[in-house]
Amino acid sequence: MEFSSRKTPTEGTGKQSAKPIKNELPETESVLPERAEWSNQMEFLMSCIATSVGLGNVWRFPFIAYQNGGGAFLIPYIIVLIVIGKPMYYLECVLGQFSSRNSIKVWSMVPAMKGIGYATVLACCFILSYYVVIVALCLYYLAMSFQATLPWGVCAPEWTNCVASDPSQQVGEVLPNASSSAELYFIKTVLQRSDGIEGGLGSPIWYLTLCLLASYIVVFIIVARGVKSSGKAAYFLAIFPYVVMIILLITTVILPGAGTGILFFLTPQWDKLLELNVWYAAVTQVFFSLSVATGALVMFSSYNGFRSNVYRDAMIVTTLDTFTSLLSGITVFGILGSLAKELNTEVDEVLGSGGTGLAFISYPDAISKTFLPQLFSVLFFSMMTVLGVGSAVALLSTVNTVFLDTFPRVKTVYMSALTCSGGFLLGLTYVTPGGQFILELVDYYGGTFLILFCAIMEIITVFWIYGLENLCVDIEFMLGIKTSIFWRFCWGLVCPILMAIVFVFALITVENLVFGGFYTYPIAAYAAGYTMVAIGILFVPISICAALHKFRTGNFITTFKKSFKPKPSWGPRSPMEKKDWLLFKTQAKVERQKMGVNNQLCHIWYSLSGSYRRKL
């Protein structure tokens, strides 16, 4: 496998250029079913913002930053964003727009690696299965926010050793090791959480089931007509959260003690920079936040016009995502700083739980102590609901697109109803008394780790099998811009090396999940978790074996090369665009051959530095 010098199926000598161009156009190319497109480029941009700017920015980023050195975490986070996050985001947008294919069919560029697409869709399904449940919880808290007294601010009579989150409702002396009413409300009233899953999960809780159903109905309405409906909804899904965040920021910074919390968030602990787990946290947060390696970006960009300026859009979204994370971090820690002053304690002592606990225990607890708790609560959970719906729409649309491209005669509304119904039935698992234990399990094993594996395989396949130079020529043909040395080095060296180091670190340091720091899962649960990861990883070797069998020729070397060579169908969807692209690639190949670069190391350097295109 070569870096990029391998001939593509369409490349040859200058004398033969006309003939292969004619022969390489598949006979069925002109009868491909019509594919939907965004009404305008702004719809694509807003959809990407609604996807990437989600719950992870509000409840995950502040807690991850706190765990990994506060302000010091911002340094590796921004570095990782620049050298991994932005390049990966740009790459997936390019692949989708160039090919007009979904996250599975896009691998016709390297048929043997089609398993990456299946692994990506599987990871997307894992995340989607519990993501809408979080939206349902936000919807439930939003409904409860309209009461005269916030229900989580008051201790129920049956709760022992409870301290009311609302100071005006506290009665009697606070005993040591007391739990806040917000925590007890979430665990005992909302979740009705069991002590474990050894005795089963229990029956779905009716009010959470209704909230889950309502969440899927909202998602269905948005995706029912494909990009025609989701594109219009994206304006609201992208803009509304910023309106709420700005309101919350303004009201937060004027709270007494808010400055202490903000400084706690921004003050770096420099010793943390030397810890590899901080960099691992930065990589996983960037991936989680930007939604790379989930198939969503490939899916959205596949509905773009072929000449759309996807480079500009990728830079806007990735920059805005970082800004949103910082904005939410400042807001959250401002609230916690005010709470610390009110309780006469330190900021790190009022942060509480991470994960869903941060969203539904720490935040409600802090909101109960503000001067307008109902208003804060309505604004906050409205924002959380909209953020969650935006990301859920992208995840479900990714799965939807895979099925619609496989069965193009099925109407979008029917396929949307089918996928939403399936998602709802899977989601019932998480709204049982034991559901939170399953949610943590699926998130830990089926989400982050599998996505990191998919991203590594994706970048190695694209740039070290399909070829860095080949992709840069494709970008030049599509966008009319030459790829700079920055993108080439990030794609060819920095991304695969750094992600491989992080992946190996994750393998070495992996530990069995312990829920909430107190509950150890039964062996069967850990086996199920590792099985989720294994199934996703196994898609890759299985697809390689399947391709070798499909393209068998009797000669292993010939079979191997054919399996890793782009299919004749690979390229722009439009027959005219494809014809021009084949000619463009042939001319680029001829010009490279004229340079007489025969040494492989020299060829790799020319590809990384962009010398081939710069010298034309």
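Each value, and the rule that gives it
- Residues numbered from 1 in each chain as written.
- Predicted model: local features only at pLDDT ≥ 70, side-chain atom pairs only at ≥ 80, totals over all residues.
- Heavy atoms only, no water.
- 1 Å grid on protein atoms, 1.4 Å probe; cavity = no way out; pocket = protein on both sides within 12 Å on 5 of 7 lines; lining within 4 Å.
- Points joined across faces, edges and corners; volume = space filled by probe spheres on them.
- Helix = DSSP H or I, 4+ residues; strand = E, 2+ residues; numbered from the N terminus.
- Disulfide = S-S within 2.5 Å.
- Buried < 20%, exposed > 50% of the residue type's maximum accessible area, 1.4 Å probe, protein only.
- Patch = residues over 30% accessible without salt bridge, like charges linked within 9 Å, V, L, I, M, F, W, Y side chains within 5 Å.
- Areas by Shrake-Rupley, 256 points an atom, 1.4 Å probe, with all protein chains shown as cover.
- Salt bridge = Lys/Arg side-chain N within 4 Å of Asp/Glu carboxyl O.
- Core = buried A, V, L, I, M, F, W, Y, C linked by side-chain atoms within 4.5 Å.
- Contact = heavy atoms within 4.5 Å.
- UniProt positions renumbered as here; feature names shortened; annotations may be inferred.
- Polar contact = N/O pair within 3.5 Å; in protein donor to acceptor, adjacent residues only side chain to side chain.
- Phe/Tyr/Trp six-rings, centres within 6.5 Å; stacked < 30°, edge-to-face > 60°.
- Lys NZ or Arg CZ within 6 Å of the ring centre and 35° of its normal.
- Axes fitted to C-alpha atoms, helices over the stretch in contact; angles between N-to-C directions.
- Left-handed = near helix turned anticlockwise from the far one by under 90°.
- Nonpolar A, V, L, I, M, F, W, Y, C, P; charged D, E, K, R; others polar.

On to empty space enclosed by the protein. Overall, the coordinates contain 7 cavities of 30 Å³ or more when judged by the stated rule. As a volume, the largest cavity reaches approximately 160 Å³. In terms of lining, the largest cavity is formed by 16 residues, of which the most central are Ile 127, Tyr 131, Phe 288, Ser 291 and Ser 391. Looking at the lining of the largest cavity, the elements with two or more residues in it are helix 2 (41-52), helix 3 (55-67), helix 5 (115-144), helix 10 (276-290) and helix 14 (373-406). By volume, the second largest cavity amounts to about 110 Å³. Looking at the second largest cavity, the residues that line it are Val 58, Met 245, Leu 248, Ser 328, Thr 331, Val 332, Ile 335, Tyr 363, Ala 366, Ile 367, Phe 380 and Met 383. Those elements giving two or more residues to the lining of the second largest cavity turn out to be helix 8 (227-253), helix 12 (310-343), helix 13 (356-368) and helix 14. Take the lining of the second largest cavity: its biggest share by element is 4 residues, from helix 12.

A separate point is the state of the cysteines. According to the stated counting rule, one finds 1 disulfide in the structure shown. Sulfur-sulfur distance for the disulfide between Cys 155 and Cys 162 comes to 2.0 Å. Handedness of the Cys 155-Cys 162 disulfide follows from its S-S torsion of about -80°: it is left-handed. Since its relative accessible area comes to 25%, Cys 155 is described here as partly exposed. Overall, the relative accessible area of 15% leaves Cys 162 in the buried class.

Time to look at a nonpolar patch on the surface. On the surface, a nonpolar cluster with roughly 540 Å² of combined accessible area is contributed by Trp 206, Leu 210, Leu 213, Ile 217 and Ile 221. Inspection of the secondary structure assignment puts Leu 210 in helix 7 (residues 206-223). By relative accessible area, Leu 210 is classed as partly exposed at 48%.

One non-glycine residue, Ser 100, lies in positive phi territory at about 55°. When you line up the elements, Ser 100 lands in the loop between helix 4 (71-99) and helix 5. Its relative accessible area of 11% is what places Ser 100 among the buried residues. Positive phi, close to 65°, is recorded for Ser 291, a residue that is not glycine. The residue Ser 291 is located in the loop between helix 10 and helix 11 (296-301) in this model.

So, about the pattern of salt bridges. Counted under the stated rule, the structure contains 7 salt bridges. Residues Lys 482 and Glu 476 are paired through a salt bridge, measuring 3.5 Å at the closest nitrogen-oxygen approach. Notably, a salt bridge pairs Lys 594 with Glu 591, separated by 3.7 Å at the nearest N-O pair. Linking Lys 594 with Glu 591, this pair stays in helix 20 (residues 575-594), spanning 3 residues, or about one helical turn.

Ranked by internal contacts, the top residues of the largest apolar core, which has 190 residues, are Tyr 90, Phe 287, Trp 491 and Tyr 521. No other element matches the 27 residues that helix 16 (residues 435-479) contributes to this core. Every residue in contact with Phe 287, bar those within four places of it in the chain, is listed here: Ile 84, Val 292, Ile 451, Leu 452, Ala 455 and Met 499.

In this numbering, the UniProt entry assigns the feature "binding site: Na(+)" (unreviewed entry) to Val 53, Asn 57, Ser 289, Leu 387 and Ser 391. Taken along the chain, the residues just named run across 339 residues; in space they keep tight, none of their C-alpha pairs more than 11.8 Å apart. Lining the largest cavity, from the residues just named, are Asn 57, Ser 289 and Ser 391. Structurally, the position occupied by Asn 57 is in helix 3. With near-sequence residues (within four places) excluded, Asn 57 lies in contact with Ser 52, Pro 62, Ser 289, Asp 321, Thr 324, Ser 325 and Ser 328. Of the polar contacts made by the side chain of Asn 57, one reaches the backbone nitrogen of Gly 54; its length is 2.9 Å. With respect to the helices, strands and loops of the structure, Leu 387 is situated in helix 14. When sequence neighbours within four positions are dropped, the list of residues in contact with Leu 387 reads Ala 50, Val 53, Gly 54, Leu 55, Val 58 and Pro 241.

Moving on: the packing of aromatic side chains. Counted under the stated rule, the structure contains 52 aromatic pairs. Considering the side-chain rings of Tyr 444 and Tyr 445, the 4.8 Å spacing of their centres and the 85° angle between planes classify their relative orientation as edge-to-face. Overall, Tyr 445 belongs to the buried group, its relative accessible area being 3%. One aromatic cluster in this structure is built from Tyr 140, Tyr 141, Trp 152, Tyr 185, Phe 186, Trp 206, Tyr 207, Phe 360, Phe 380 and Phe 381. A cation over an aromatic ring shows up here: Arg 307 above the ring of Phe 477, its NZ or CZ 4.7 Å from the ring centre. Directly above the aromatic system of Tyr 612 lies the positively charged group of Arg 592, at a separation of 5.9 Å from the ring centroid.

As a further point, take the packing of helix 8 against helix 14. The geometry of helix 8 relative to helix 14 is characterised by a closest axis approach of 9 Å and an angle of 145° between their N-to-C directions. Seen along the crossing, helix 8 lies across helix 14 with a hand that is left-handed. Here helix 8 contributes Ser 230, Phe 236, Leu 237, Phe 240, Pro 241, Val 244, Met 245, Ile 247, Leu 248, Thr 251 and Thr 252 to the contact with helix 14, which in turn contributes Phe 376, Leu 379, Phe 380, Ser 382, Met 383, Val 386, Leu 387, Val 389, Gly 390 and Val 393. Here the residues of the contact of helix 8 with helix 14 sort into 16 nonpolar, 5 polar and no charged.

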